[in-house]
Amino acid sequence: MAPSTTFSKAKDAANYLQHTLDPKLQKPRVAIVCGSGLGTLADAVHEQAKTAIDYSSIPHFPLPTVQGHAGKLVFGFLGSETPVVLMVGRIHYYEGHSVEDVTFYVRVLKLLGVETIICKLTNAAGGLNPEHAVGDITLLNDHIFLAGFAGLHPLRGPNADEFGVRFPSLSDAYDLNLRRQVHAAWQKIEKADKRRLHEGVYAFVSGPSYETRAECRMLRQLGADVVGMSTVPEIIVARHSGMRVLAFSLVTNNAVLTPVPRGDDHLLQSSTTSDLDAILEEGKANHEEVLEAGRLAAQDMQRLVVQIITDVFENRESAHQ
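Just so it is clear, the model here is predicted, and its values are computed rather than measured.

Take the overall build of the protein next. When its secondary structure is counted, the protein shows 9 helices and 9 strands. Within the protein, buried positions represent 50% of all 321 residues. A separation of at least 24 residues holds for 81% of the contacts in the protein among residues at least 6 apart in sequence. Accessible surface, the protein: about 14800 Å² in total, of which carbon and sulfur atoms supply 52%.

For any two helices packed against each other, the geometry comes down to the angle between their axes and how far apart the axes lie. Contact pair helix α1 (residues 5-20) / helix α3 (residues 104-112): the axes reach a minimum separation of 8 Å and the direction vectors enclose 60°. As far as their axial angle goes, α3 and α1 are oblique. Both α1 and α3 take part in a crossing whose hand is right-handed. The segment α1 lies against α3, with T6, F7, K9, A10, K11, A13, A14, L17 and Q18 engaging F104, R107, V108, L111 and L112. Class assignment of the residues belonging to the contact of α1 with α3 gives a composition of 9 nonpolar, 2 polar and 3 charged.

Here we come to the packing of α3 against helix α7 (residues 232-240). At a minimum axis separation of 9 Å, α3 and α7 run at an interaxial angle of 30°. Taken together, the axes of α3 and α7 are roughly parallel relative to one another. Seen along the crossing, α3 lies across α7 with a hand that is right-handed. For the pair formed by α3 and α7, the contact residues are Y105, V106 and R107 on the first element and E234, V237, A238 and H240 on the second. Each residue belonging to the contact of α3 with α7 can be placed in one class, and the counts come to 4 nonpolar, 1 polar and 2 charged.

Looking now at the UniProt feature "binding site: phosphate" (unreviewed entry) in the protein. With numbering aligned to this structure, UniProt lists the feature "binding site: phosphate" (unreviewed entry) at S36, H69, R90, I91, H92, A124 and S230. If you trace the backbone, R90 turns up in the loop between β4 (82-88) and α2 (99-102). Within the local environment of R90, its side chain forms a polar contact with the side chain of S230, the two groups lying 3.5 Å apart. If near-sequence neighbours (up to four positions away) are discounted, S230 is found in contact with R90, H92, K120, N123, Y202 and F204.

Its location among the elements puts H143 in strand β6 (residues 137-144). Side-chain polar atoms of H143 contact the side chain of Y174, separated by 2.7 Å. Look past the residues within four positions of H143 in its chain and what remains in contact with it is L170, Y174, V201, Y202, V232 and I236.

The buried fraction of strand β7 (residues 197-204) is high, at 7 of 8 residues. In this structure, β7 lies alongside strand β8 (residues 226-228), joined through 3 bridges in parallel fashion. Within the sheet, the bridge partner assigned to F204 lies in β8 and is G228. For the handedness criterion, the β-α-β arrangement of β7, helix α6 (residues 213-222) and β8 is classed as right-handed.

Next up on the list: unusual backbone geometry. Cis geometry is adopted by the peptide bond preceding P208, which originates at G207 and carries an omega value of 5°. Tracing the chain through its elements places P208 in the loop between β7 and α6. Its identity is not glycine, yet T231 carries a phi of approximately 80°, on the positive side. Examined against the element boundaries, T231 turns out to sit in the loop between β8 and α7. Residue classification places T231 among the buried residues on the basis of a relative accessible area of 0%.

Before going further, it helps to examine the pairing of strand β1 (residues 30-34). Walk down a regular strand and you will see the side chains alternate between the two sheet faces. In terms of residue burial, β1 counts as a mostly covered element, since 5 of its 5 residues are buried. Covered by surrounding structure in β1 are V30, I32 and C34 together with A31 and V33, the residues of both alternating faces. Relative to β4, β1 runs parallel, the two being bridged by 5 bridges. Residue pairing for β4: C34 is matched across the bridge by V88.

This part is about α3. Of all 9 residues in α3, 7 are buried; the element is thus mostly enclosed. Residues F104, Y105, V106, R107, V108, L109 and L112 constitute the buried set of α3. Phi for G113, located one or two positions after α3, is positive at around 105°.

About the thresholds
- What you see as residue numbers is a count from 1 along each chain, following the sequence as written.
- A pLDDT threshold of at least 70 governs which residues receive local features in this predicted model, and a stricter bar of 80 or more applies before side-chain atom pairs are shown or counted, although totals over entire chains, interfaces and linings include all residues.
- Calculated side-chain values reflect all of the structure's heavy atoms, with hydrogen atoms and water omitted.
- Numbering of helices and strands runs from the N terminus; a helix is a DSSP stretch of H or I covering at least four residues, while a strand is a stretch of E covering at least two.
- A 1.4 Å probe rolled over the protein chains alone gives each residue an accessible area, and that area as a share of the maximum for its type sets the label: buried under 20%, exposed over 50%, partly exposed in between.
- When checking whether two residues touch, look at their non-hydrogen atoms; a contact exists if any pair is within 4.5 Å.
- Every accessible area reported is derived by Shrake-Rupley at a probe size of 1.4 Å, with residue values counting cover from the shown protein chains alone.
- Only the stretch in contact is used when fitting a helix axis, every axis being a line fitted to C-alpha atoms; angles between N-to-C directions are given from 0 to 180 degrees.
- Under this scheme an angle from 65 to 115 degrees is roughly perpendicular, one under 35 degrees roughly parallel, and one over 145 degrees roughly antiparallel; angles in between are oblique.
- Two helices cross in a left-handed way if the nearer one is turned anticlockwise from the farther one by less than a right angle. They cross in a right-handed way if the turn is clockwise.
- When residue character is reported, Ala, Val, Leu, Ile, Met, Phe, Trp, Tyr, Cys and Pro are called nonpolar, Asp, Glu, Lys and Arg charged, and the others, Gly included, polar.
- UniProt positions are given in the numbering used here, feature names are shortened, and annotations may be inferred rather than shown by experiment.
- Here a polar contact is taken to be a pair of N or O atoms separated by no more than 3.5 Å, where protein atoms must pair a possible hydrogen donor with a possible acceptor and residues adjacent in sequence count only if both atoms sit in side chains.
- Note on pairing: two strands pair once DSSP finds at least 2 bridges between them.
- The path from the first strand over the helix to the second decides the hand: if it runs clockwise while the strands point away from the viewer, the crossover is right-handed.

Listed below in structure tokens is the structure:
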């Protein structure tokens, strides 16, 4: 049987990378997808072996256009000896890309030999759960993919048999052992006093507009703790490819759950236009705030991911020796 188009394109990209990289960097064990403002994680990669490759030079690799997202793969070592690849910048469905293009890089990472993917350190998300404050980190343990229910699904169409089965299960999408290790690592690192780590459910929306108040209330009633415009399609493809998944969200704003004021509210009849504008502006999300929250979280997330790499991968190897 002829290879699938998805496999053929991913193989082209993987072959290019393997021929470009030094042999010791050709088979990263862990892939880390940097989220909004977290491109500085690449600074934690050991300089002596670090290699950066622009997306524009990789066959079939789509290019990001959103502010705060560069476009390069950074190969090297984190901790003392774990080979990793960092994605600094990625594309989104709302940019006009197909969901197949959005998830393409996951297929390439699989062919490079990546076993574990740490998704979106950290994706920017609106906090639906009142206990998840701005600046807190939510470790994902499940998701709601309404777009997938409606047919926008990364596995739609002919199955790429080279990667996985036609009907993969997602009840175990977020690796329990890795999540257990994250909580242990969080207790070890130095971090901002007010920043907390939660677990919760992520709701995917296609964007690029932020959600209405009614949509936020609906998602909260469905059980979502945070809402954002990325991550879930890539996680589905990673699990289809047999990769272990760890994913985080950074709460960059609190979603407004209170209903929109009614125009016939008698308490508003004497209000000025500026008063009314101020009411509607309360809690309104904007992209600049998202980027700033990501920058402020960068140091804590760098420490956390290095601790996870050390605890999970390096200590495990030592125990087996």
